[in-house]
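# Examination of the molecular architecture
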Amino acid sequence: MKDNLLGLFADEIVEKLAAYGFEKYRGQQIAKWIYQQGVFDYERMTNIPNAKRQVLKNHFEINMPTLTAHQHSGDKKTSKFLLTFKDNASVETVLMKQPYGNSACVSTQVGCGMGCRFCASTLQGVKRNLTGGEILSQILYINSILAKERSAVNSIVIMGSGEPLANYDNVLRFIRLCHESYSLNMSYRNITLSTAGIVPGIEKLATEGIPINLAISLHAPTNAIRSSIMPINKQYDIASVIDAADRYAEKTGRRVTYEYTLIENINDSPDHAAMLAKLLKGRLASVNLIPVNSVPERGLLRPARDQILKFLHILQSLHIVVTLRKEMGADIQAACGQLRRKVIEKEESACLE
Ligand code: SAH
């Protein structure tokens, strides 16, 4: 079996190639072709001598996923791609063209093991972790599309399917690779990681010296409600998650974002808003309200517009920094895992026919 170079740091490429007599500087040359130029064919690596290209071809591959399905929103600003890896596992990756640049949302696991009631990614559990290279390949795929308009991904949200802190080492490799100057050269400030609230993972992340933005999926102001929609809360309750997030904010100086998915009759009342404000008062934190993308399988509904605005205004009046998520791509099932579910269901029903 050939070794895969996509996902390696330049010095790891150097190590792999040393046995074949490659000079040290070839590591960065090859990394630049793969990560910066999006060149996955050795024949196009023009600064590598022909004989060496043959060696690469014989012993190493560059594994990119293939496109299985895609959807584009009516306004063309949001595109969703279902990408499939060698073992046939597929994940969703989303490109959002924002006024401030191109934002990509990557998946970190095939499926998800968190069991959140409102989330489509978790309906069939977690199938496997993605490697750092597989996470990065999602960005490289989007960059290959953006290259046609002489553009590239400017910011990354680790908010696709999967729980990033349950796949810690691979996600850290991905983040570090994004930052390397021979790779995407991305500032840590342009990367946001969203977690369901795995406390030891948040604590470890705070020690890494990488000041990425942290987003916490809070979604409820009381443990009773949170446990009923997010099973992970039984392991790490609200107080312990907020405490870990506070320490993250203190260490990195970065404001923590609390995501709050509004679900009708579950967490959307004025009382809930007041309780949420009390929880976050005085913290280096902001709230991002997300009207739930209905998951028909789970019977959870989006509150009426008035109710959403009332919730927003209560938080504002209590001096909480709050934003209402712009609903990009609502017409293309932008909620986690919904495109993948649709394709899998189609395949399953095709099998039954
Ligand atoms: N596991 C991580 C990251 C993936 S989920 C986490 O829990 O944060 C990314 C965000 O989308 C989370 O805030 C999640 O709660 C939210 N989300 C999942 N399903 C949703 C839905 N149906 N509607 C709105 N937001 C949803």
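The sections below set out a description of the structure shown in this document. What you are looking at is a predicted structure, and each value in this text was computed from that prediction instead of being measured.

### As for the site of the ligand
Within the structure, the ligand sits among 20 residues, and Phe-118, Ser-194, Ser-217, His-219 and Asn-293 are positioned closest to it. Residue Glu-163 places a side-chain N or O atom 3.0 Å away from a nitrogen atom belonging to the ligand. Within the contact set of the ligand, an oxygen atom lies 2.6 Å away from a side-chain nitrogen or oxygen of Ser-217. Compared with its free state, where it exposes 530 Å², the ligand has 95% of that area covered by protein. Going through the elements one at a time, β10 (191-195) and β12 (256-262) are the ones with two or more residues in the shell around the ligand. Residues that form the shell around the ligand fall into these classes: ten nonpolar, eight polar and two charged.

### As for the pairing of strand β11 (residues 213-217)
Burial analysis of β11 places five of its five residues in the buried class, which makes it a mostly covered element. Alternating positions in β11 separate into two faces, Asn-213, Ala-215 and Ser-217 on one and Leu-214 and Ile-216 on the other, with burial throughout. Here β10 pairs with β11 via four bridges, running parallel. Across the sheet, Thr-192 pairs through a bridge with Asn-213, a residue of β11. For the handedness criterion, the β-α-β arrangement of β10, helix α6 (residues 199-205) and β11 is classed as right-handed. Taken together, the three bridges between β11 and β12 define a ladder with parallel strand orientation. Looking across to β12, one finds that Ser-217 is bridged to Glu-259.

### Remarks on the pattern of salt bridges
Applying the stated criterion across every chain, the model contains 16 salt bridges. In this structure, the salt-bridge partner of Lys-80 is Glu-92, at a minimum N-O distance of 3.0 Å. Note that Lys-80 is positioned in strand β4 (residues 78-84) and Glu-92 in strand β5 (residues 90-98), a separation of twelve residues in sequence. As far as the burial class goes, Lys-80 and Glu-92 line up, both buried. For Glu-149, the salt bridge is made with Lys-97, and the minimal N-O distance between the two is 3.0 Å. Taken together, the residues span a long stretch of sequence, with Glu-149 in the loop between α4 (132-146) and β9 (155-158) and Lys-97 in strand β5 at a distance of 52 residues.

### Describing the sheet that holds strand β14 (residues 322-324)
The mixed open sheet is built from ten strands, whose spatial order is β3-β4-β5-β6-β9-β10-β11-β12-β13-β14. If you trace the sheet from one side to the other, it starts and ends with β3 (66-72) and β14, each paired once. Averaged over all pairs of adjacent strands, the angle between strand axes in this sheet comes to 20 degrees, irrespective of strand direction. In the sheet, β4 pairs with β5 via seven bridges, with the strands oriented antiparallel. Residue pairing across strands places Thr-84 opposite Ser-90, the latter belonging to β5. The strands touched by helix α10 (residues 305-317) are β12, β13 (285-291) and β14; relative to β14, the strand with the most contacts, the crossing angle is about 165 degrees.

### So, unusual backbone geometry
Among all residues except glycine, the phi angle is most often negative; among peptide bonds, the trans geometry is most common. We note that Lys-76 has phi near 65 degrees; this positive angle belongs to a residue other than glycine. With respect to the helices and strands, Lys-76 occurs in the loop between β3 and β4. One non-glycine residue, Asn-185, lies in positive phi territory at about 55 degrees. Of note, Asn-185 is situated in the loop between α5 (168-179) and β10. Taking the relative accessible area as the measure of exposure, Asn-185 reaches 52% and is therefore exposed.

### What to know about the packing of aromatic side chains
The final tally for this structure, using the stated rule, is three aromatic pairs. Relative to Phe-60, the ring of Tyr-20 lies with its centre 5.7 Å away and its plane at 85 degrees, an arrangement referred to as edge-to-face. Of this pair, Tyr-20 sits in the loop between α1 (10-18) and α2 (26-37) while Phe-60 sits in strand β2 (residues 60-61); the two residues are 40 residues apart in sequence, bridging distant segments of the chain. Its relative accessible area of 36% is what places Tyr-20 among the partly exposed residues. An angle of 35 degrees between the planes, with centres 5.1 Å apart, marks the rings of Tyr-260 and Phe-311 as tilted. Here Tyr-260, found in strand β12, pairs with Phe-311, found in helix α10; they are 51 residues apart in sequence, far enough to count as distant. Since its relative accessible area comes to 1%, Tyr-260 is described here as buried. Above the plane of the ring of Phe-22 lies Lys-52, whose end atom (NZ or CZ) is 5.5 Å from the centre.

Analysis parameters
Along each chain, numbering runs from 1 in the same order as the chain's sequence is written. Confidence filtering applies because this is a predicted model: local features only for residues at pLDDT of at least 70, side-chain atom pairs given and counted only at 80 or more, and all residues used for totals across whole chains, interfaces and linings. The side-chain quantities take in all heavy atoms of the structure and omit both hydrogens and water. In this text, near means that some heavy atom of the residue lies within 4 Å of the molecule or strand in question. Counted as a polar contact is a pair of N or O atoms within 3.5 Å, where, for protein atoms, one must be capable of donating a hydrogen and the other of accepting one, and residues adjacent in sequence contribute only when both atoms are in side chains. Under the convention used here, a 1.4 Å probe and the Shrake-Rupley method define accessible areas, while residue burial counts only the protein chains that appear. Think of it this way: any DSSP run of H or I at least four residues long counts as a helix, any run of E at least two long counts as a strand, and we number them from the N terminus. Here the nonpolar group is Ala, Val, Leu, Ile, Met, Phe, Trp, Tyr, Cys and Pro; Asp, Glu, Lys and Arg are the charged ones; every other residue, Gly included, is treated as polar. Partly exposed describes any residue whose relative accessible area lies between the buried limit of under 20% and the exposed limit of over 50%, with all areas from a 1.4 Å probe on protein chains only and scaled to the type maximum. Two strands qualify as a pair provided DSSP detects at least 2 bridges between them. If the strands point away from the viewer and the path from the first strand over the helix to the second runs clockwise, then the crossover is right-handed. Salt bridges are identified by distance alone: a Lys or Arg side-chain nitrogen within 4 Å of an Asp or Glu carboxyl oxygen. In this description, a line fitted to the C-alpha atoms serves as the axis of each element, helices being fitted only across the stretch in contact, and the angle between N-to-C directions of two axes falls anywhere from 0 to 180 degrees. Should any heavy atoms of two residues lie within 4.5 Å, those residues are considered in contact. The aromatic pairing rule takes the rings of Phe, Tyr and Trp, using the six-membered ring of Trp, and pairs them if the centres are within 6.5 Å, calling planes under 30 degrees apart stacked, those over 60 edge-to-face and the rest tilted. Lysine and arginine charges are scored as sitting over a ring when NZ or CZ, respectively, is within 6 Å of the ring centre and within 35 degrees of the ring normal.

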